[in-house]
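# Structural overview
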Amino acid sequence: MSLPAPSAVPDEGRSGADLVIECLIAEGIGLVAGVPGTTVMDLIDSLAKQEVIRFVVTRHEQVAGFLADGVSRAGDRLGVALVSRGPGAANLAIAVQNAYDESVPLLVLVGQVPGGIADRRAFEEMDVVAAFRPMTKWTVEIHSVERIPELLQRAIRMAVGGRPGPVVVSLPLDVLKGPVPEQLHPAPRRRIHPPGPAPDAVREAVALLAGAQRPVIVLGGGAGRDFGSYLRLADRLSAPLVTTWMRQSVVPHDHPSYLGALGYGAHHVTEQAVREADVILAMGCRFSEFTTKRWTLLSTTTRLVHVDIDPCELGRVYVPEIGFISDARLAAESLAAGTPALAGTDAERRGERLRSLRKEFDRASSLDAEELAADDPGTGVSGISAVRVLQDLSDREGVLLVQDAPSFAPWTHRHLRLARPRTLYASAGGAMGWGLPAGMGIALARPDQRVVIVSGDGSFWMVAQDFETCVRENIGLVNIVMNNFSYGNTRDRQRSTHGGRYLGVFYGNPNFAEFGRSLGGFGLRVETDTDLATAVEEALAQDRPAIIDVVQDQMYGLPPGLAPLPPGEPGDARLDGKRHSAE
Ligand SMILES: Cc1ncc(C[n+]2csc(CCOP(=O)(O)OP(=O)(O)O)c2C)c(N)n1
């Protein structure tokens, strides 16, 4: 389509919107995803006048938000979303809430009605600060052009610094249109160095861990990208290393200390190691509901060392015997350096225990186990099994796997073995529809890799329209849709706890392959197990985005023996405000 050439509007100097974009460039932002609207048209115009930042327009604001989330998770740059006031901001809220829940850094720019008509319930006016404050690290409205560099820079530092999270900046139209004094420029880019551990705390923790009989390391999302120091520490301690819910990709699974991920669908042996631990060293972890089996997993006699970058996390759920503020990696380095090599019977005992736990983990997580061959969640269903999908996707060179929030999650949780860390991206926040947009952001941040997303049909259809964005923007991902014509996870809850009275969980679907093709992408429908591997190969060979519609039985869902998590009791005795220690 050819567009008319831009009209030669005389340059009237820099506007507030120009300055905002200059600030983003100074901060190294490479991509902004968003949806237009009256209050952000000046920002979009400023983006049109430059070539450093790519602007990707999406078909729904939640997609822009989740896309920016994917950029932040996978790349080295902060993800940024741009939306208009009231309706635009409300549509995006799910992505902010999810990023807050998962400690994902995000910068959201929201257009706002001009100050001169604010607080009169102007058209689409929304109190952005009040609406977003409870789900952000910081929400701020900028009321003068002069303060744009200061407040934007602070917003970005807040998003990426400490425990990361979303930050929302509300930009009234009069500020975006306002003239910028010639001497006003972006503030220089500044980052705060993460804190290291206090030497005393390290000494105390080393002493406690050295005397332990059954120490366990629990690693959370705060572990960061550099996993070497955790493995060195696990080696030094001869200790099992487990991760929190959905964070199994932070370490390589072939390391002899790795014992799986906690959370919904965790293996018995993974939970057993934690339950039986006499000392737990938790790093970059917030002891979430799923990780702790609704706060019932840790034994009352287990002594706790908790390391986190956020002081508010220390003792928020479990009060540690030794708690200290530190970047998890820096703490692991110091702990590994300070831990003496184990010798004699201690070394033998711990080593033997670890080997036996690991053997059990290898058996339980095997994809070839006989019980999995008879893949049946107890309902006599047929169709393409999740096991087959996993077998066809496990550890493919050059592929990053993205997992939406359907019943497929416990399958990967239990049976996906990753030799290479950071090759699985999963949302612990539970938001359906995260997969495709996050996968788009991950693909844009990592063009050297191919992205394969696995979504439930319900989750996919919440954001399916943005497959068009993938085609238009040439984002060559593959989206596998596990098509069971139902909200499977909630259907299973009706089966297990509501006497099988099914209501509001079944629906019809289009042929997703045809849908993909109608938008200019590649599409294949797969109805038998044996065709799946070829379909994945074919889809990966395309130079355009692809959908693989994997047809399943309408009752297909969770792994054998795994019931949906029942709504339950508040927690265990350890949360009665008792100090947690051996005393
Ligand atoms: C945005 C959002 N709405 C509702 C839910 C509640 N919920 C959790 S799983 C689920 C069903 C998921 O269905 P689907 O994506 O088709 O995956 P399946 O479980 O069938 O594999 C629902 C409705 C949610 N997590 N997120």
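Notes on the structure in this doc start here. (Residues numbered from 1 in each chain as written. Predicted model: local features only at pLDDT ≥ 70, side-chain atom pairs only at ≥ 80, totals over all residues. Heavy atoms only, no water.)

Another aspect to go through is the overall build of the protein. When its secondary structure is counted, the protein shows 21 helices and 18 strands. When the backbone C-alpha atoms are referred to their principal axes, the protein occupies close to 80 × 60 × 45 Å. Long-range contacts, defined as pairs at least 24 residues apart, comprise 76% of the intrachain contacts of the protein with a sequence gap of at least 6. Accessible surface, the protein as shown: approximately 23,800 Å² in total, 53% of it carbon and sulfur. The averaged location of the 70 negative side-chain charges in the protein is 4 Å from the averaged location of its 58 positive side-chain charges. (Helix = DSSP H or I, 4+ residues; strand = E, 2+ residues; numbered from the N terminus. Contact = heavy atoms within 4.5 Å. Areas by Shrake-Rupley, 256 points an atom, 1.4 Å probe, with all protein chains shown as cover. Lys, Arg positive; Asp, Glu negative; His and termini not counted. Charge placed at Lys NZ, Arg CZ, Asp CG, Glu CD.)

Around the ligand, 16 residues are found, and the nearest of them are S407, G430, D457, S459 and G488. G430 has a polar backbone atom sitting 2.7 Å from a nitrogen atom of the ligand. N484 places a polar side-chain atom, nitrogen or oxygen, 3.0 Å from an oxygen atom of the ligand. In isolation the ligand has 590 Å² of accessible area, and contact with the protein removes 76% of it. For the shell around the ligand, the secondary structure elements donating two or more residues are α17 (457-461) and α19 (488-497). (Near = heavy atom within 4 Å. Polar contact = N/O pair within 3.5 Å; in protein donor to acceptor, adjacent residues only side chain to side chain.)

For the rest of this paragraph, the subject is the pairing of strand β16 (residues 478-483). The two faces of the sheet receive side chains in turn, since in a regular strand these alternate between them. Counting buried positions over the 6 residues of β16 gives 6, a clear majority of the element. Alternating positions in β16 separate into two faces, V478, I480 and M482 on one and N479, V481 and N483 on the other, with burial throughout. Pairing geometry for strand β15 (residues 450-456) and β16, over 5 bridges, is parallel. Each residue of the ladder has a partner; that of S455, found in β16, is V481. (Buried < 20%, exposed > 50% of the residue type's maximum accessible area, 1.4 Å probe, protein only. Pairing = 2+ DSSP bridges.)

A few words now on unusual backbone geometry. Its identity is not glycine, yet R294 carries a phi of approximately 50°, on the positive side. Positionally, R294 belongs in the loop between β10 (279-283) and β11 (303-308). By relative accessible area, R294 is classed as buried at 18%. Although it is not a glycine, R422 adopts a positive phi angle of roughly 60°. The residue R422 is located in the loop between α15 (408-415) and β14 (424-426) in this model.

So, on to the pattern of salt bridges. If charged atoms from side chains of opposite charge come close, those side chains can pair. What the rule picks out here adds up to 33 salt bridges. When the shortest N-O distance is used, the salt bridge between E102 and R73 registers 3.0 Å. A residue pair is termed long-range when its members are at least 10 positions apart, and E102 in helix α4 (residues 86-102) and R73 in helix α3 (residues 61-74) qualify at 29 residues. On the basis of relative accessible area, E102 is assigned to the buried category, the value being 7%. Connected through shared salt-bridge partners, R54, R59, E468, R472 and E473 make up one network. (Salt bridge = Lys/Arg side-chain N within 4 Å of Asp/Glu carboxyl O.)

With that out of the way, let us pick up the environment of P510. With respect to the helices, strands and loops of the structure, P510 is situated in the loop between α19 and α20 (512-518). Judged by relative accessible area, which is 29%, P510 ranks as partly exposed. Separated by 49 residues in sequence, P510 and W461 place their C-alpha atoms 9.7 Å apart. Apart from the residues within four sequence positions on either side, P510 is in contact with W461, R525 and D549.

Further remarks concern the packing of helix α9 (residues 228-237) against helix α11 (residues 328-338). Two elements in contact, α9 and α11, have axes whose closest approach is 8 Å; the angle formed by their N-to-C orientations is 35°. Considering only the axes of α9 and α11, their crossing is left-handed. Facing α9, whose interface residues are S229, Y230, R232, L233 and R236, α11 presents A328, R329, A332, E333, L335 and A336. Residues belonging to the contact of α9 with α11 are distributed by class as follows: 6 nonpolar, 1 polar and 4 charged. (Axes fitted to C-alpha atoms, helices over the stretch in contact; angles between N-to-C directions. Left-handed = near helix turned anticlockwise from the far one by under 90°. Nonpolar A, V, L, I, M, F, W, Y, C, P; charged D, E, K, R; others polar.)

Right, let's get into the side chain of R73. The class for R73 is buried, based on a relative accessible area of 12%. In terms of polar contacts, R73 uses its side chain to reach the side chain of E102, at 3.0 Å. With sequence-adjacent residues up to four places away left out, R73 is seen in contact with N98, E102, V104, R225, R247, R422, Y425, A426, S427 and W434.

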